[in-house]
Amino acid sequence: MSDTPTGISEIPQRTPVSLDTLFSLRTPVDPRISPDGARVACTLMEWIPGRATQRGRIWLVDTNEHGGEPRPLTTGSDGDYEPRWSPDGRSLLFVSKRDEGDKAPYNDKPQLYTMPARGGDAHRVCSMPNGAADPEWSPDGTRVAFLSLDGDEVKAEPMVDEPLRHQRLWIARPGYDTAEPVTPADVTIWSYAWSPDGTQFAVFYSTGPGETDWYRGQIGIVPAAGGAIQQVSILSRQAGALAWSRDGHTIYYVSGEWSDRPLVGGDIFAIPAQGGNPRNLTPGIQGNPSWLYALEDGRLVFSAWDGLTNTIGALNADDGSRCQLSADFIIGDQARPQLSATPDGRRFAAVHTEAGRPWDVWLGMREGAGADEHITWRQLTRFNRIAEETLQIAPNQRISYTGADGWQIEALYTAPLTPTRGTPPPLILYVHGGPTSAFRDMWMDTLTQLFAAAGYAVLRANPRGSMGRGVAFADAVLGDMGGKDYQDVLAGVDHLVAQGLVDGERIGIYGWSYGGFMTAWAVTHTTRFKAAVMGAGICDYHSFHAQSNIPDWDMRIIGADPNENPQAYREKSAITYVARVNTPTLIVHGEADPCVPVNQAYAFFRALRERAIPTELAVYPRERHGFREREHIRDLYARILGWFVRWI
């Protein structure tokens, strides 16, 4: 007989994260606040029946106190992305790939569309043979800028050299269906920003068209009417987050040494728009700024990586003084913490997550003045209410421990969902990619929760090389991959063992990309791991350099030229030490990965197989560096978890 009082139902029991959980979640990205601050548009990514990959649709939500339910605005069959408000707030520009029949060419490529901000018919702006991306309205709302590849796709056989094409900056005028090139045909534009008066652009560009040429980019100025690019910088590192001062005299940007696009995080610089010496406005800052917005009073609002979270601040560009507007507030899409601001800089939109809350759209209001200035946040959407209220999430614990050289390393420790009795639980050391990245204290990391539900503790550390601790901390990995960063993550394992939180005899290691390299490095340098999973990892930097689309990356991070100093490449390659391995190792990789070519997986697998080490190789067709297809992701996660269950 039930003890529940009459008329009161029992609270439903929460359920652990499963392989199906990921495919039930909806993720808002790229929120954009309207010029009057009354509405926010975003792209909502979701898994739908009968489709192998996620689909995006533009959704709209009001920001008034009464709010209201968010509502879909677009219905593109193949997805709609990158919403951009017109300056008058009456129209939305977006990117979409939709079948319009024979009346519109290039239906197989994403094109630009506009529609009334309250909904209605979508109208194509222009037709680009290679599609369009990264659109932005001009300040006066009469033109639209965007990026698009130039030239015909190479289909001839045999393939001669690399079929690379430049990405140009273009302008289109709504109502006039022909796009106009802004930049020359022999230059690639990676990012850009309109000047306040709409007469010119600041661009981050390179003379080479390949992905690897991004590492060699420079900042330049080009007239909006088109013309040659005037170089204004002499950069030795990458730049991003381009922003103009309100008077148009200064260009602000963030610069650092980064793993790959679109990661941004470093110091904030100012340079005269007509060229000159740049000024570092944030020397010694403890975090890594990632996004910039110039206010009318001459200050800059910035968002930044900050340890295991994010922060938002205001910077006086004249004297470098800073104030904190919002602390410990995780924002932005996965690659970088960024905001969207109204023209007056009083209101902001962001996607945010925290313990107990999935990613959702939030409204920020800048209030107060002087020492009391701050941003007040209010949640606008709850796209995953069912998951939020029914999933049993293993909580993260923020910890700090001593790494190499006495440096303090920050990390997330997640205990098993069901506490063990009598003996500490096994541990999975989870190493992030990059190394220009960082774990943040978010609501749910799917693999971490799958591990926790299966009885494992998880350690996610941010070793040197990570974002969130300043440029010097991020730079400490350069020339020392697998050195003190490796010592940093192992010190975290030692810390947990010493605290009695995990079983030191039952430890596994997993990582993707740079984390995959670290996994291969670890099993060739220690025997303490009982099982390992190497995801999209590098084992041989010589062959990586020969086949990757970013050979500049390895030269910059190793600090050597493989043709002039092959020994440096041998020393940093895990396969050099493969005779030491005795750890059962699962290797998973995307067959079409251009960044870390699949030969890395085959090489390490062959070496382990020849030494009779328990190993397994799973190569997923069509997948690149990040997986997209539902069934591949499901199999990948199940295979990873199954490997640890088998060997630990």
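Up top you'll find the structure we're talking about.
Attention in this report is confined to the structure presented alongside it. If you're wondering where the values come from, they're calculated on a predicted model, not measured in any experiment.

Considering the side chain of threonine 526
Now for step 1: Within the secondary structure layout, threonine 526 lies in the loop between helix H5 (514–523) and strand S36 (531–535).
Now for step 2: Given a relative accessible area of 18%, threonine 526 falls into the buried group.
Now for step 3: Looking at threonine 526, its side chain comes within polar contact range of the main-chain nitrogen of arginine 528, at 3.2 Å.
Now for step 4: In contact with threonine 526, not counting residues within four places along its chain, are Tyr486 and Thr583.

Section: the sheet that holds strand S11 (residues 144–149)
Now for step 1: Taken in spatial order, the 4 strands line up as S10-S11-S12-S13 in an open sheet, and their pairing is antiparallel. Only two strands of the sheet have a single partner each, and these edge strands are strand S10 (133–137) and strand S13 (176–181). Here the strands of the sheet are splayed against their neighbours by 30° on average, with no regard to which way each runs.

What to know about the pairing of strand S24 (residues 309–316)
Now for step 1: Within S24, 7 of the 8 residues are buried, which leaves the element mostly enclosed by the surrounding structure.
Now for step 2: Two strands pair when backbone bridges link them, and strand S23 (residues 299–306) and S24 are joined in this way by 8 bridges, in the antiparallel orientation. Its bridge partner being in S24, alanine 304 is matched across the sheet by threonine 311.
Now for step 3: Count of turn residues in the S23/S24 antiparallel hairpin: 2 residues, of which glycine 307 carries a positive phi of about 60°.
Now for step 4: Sheet topology note: the S24/strand S25 (residues 322–326) ladder contains 4 bridges and is antiparallel. Residue pairing for S25: leucine 315 is matched across the bridge by arginine 322.
Now for step 5: Counting the residues that bridge the hairpin from S24 to S25 gives 5 residues, and of these glycine 320 lies at a positive phi of roughly 80°.

Some points on the state of the cysteines
Now for step 1: Under the defined criterion, the tally for this structure stands at 0 disulfides.
Now for step 2: A disulfide-free cysteine, cysteine 539 has its sulfur positioned 14 Å from the sulfur of cysteine 595, the nearest such atom.
Now for step 3: Judged by relative accessible area, which is 0%, cysteine 539 ranks as buried.

Reading the values: rules and limits
- Residues numbered from 1 in each chain as written.
- Predicted model: local features only at pLDDT ≥ 70, side-chain atom pairs only at ≥ 80, totals over all residues.
- Heavy atoms only, no water.
- Helix = DSSP H or I, 4+ residues; strand = E, 2+ residues; numbered from the N terminus.
- Buried < 20%, exposed > 50% of the residue type's maximum accessible area, 1.4 Å probe, protein only.
- Polar contact = N/O pair within 3.5 Å; in protein donor to acceptor, adjacent residues only side chain to side chain.
- Contact = heavy atoms within 4.5 Å.
- Pairing = 2+ DSSP bridges.
- Axes fitted to C-alpha atoms, helices over the stretch in contact; angles between N-to-C directions.
- Disulfide = S-S within 2.5 Å.

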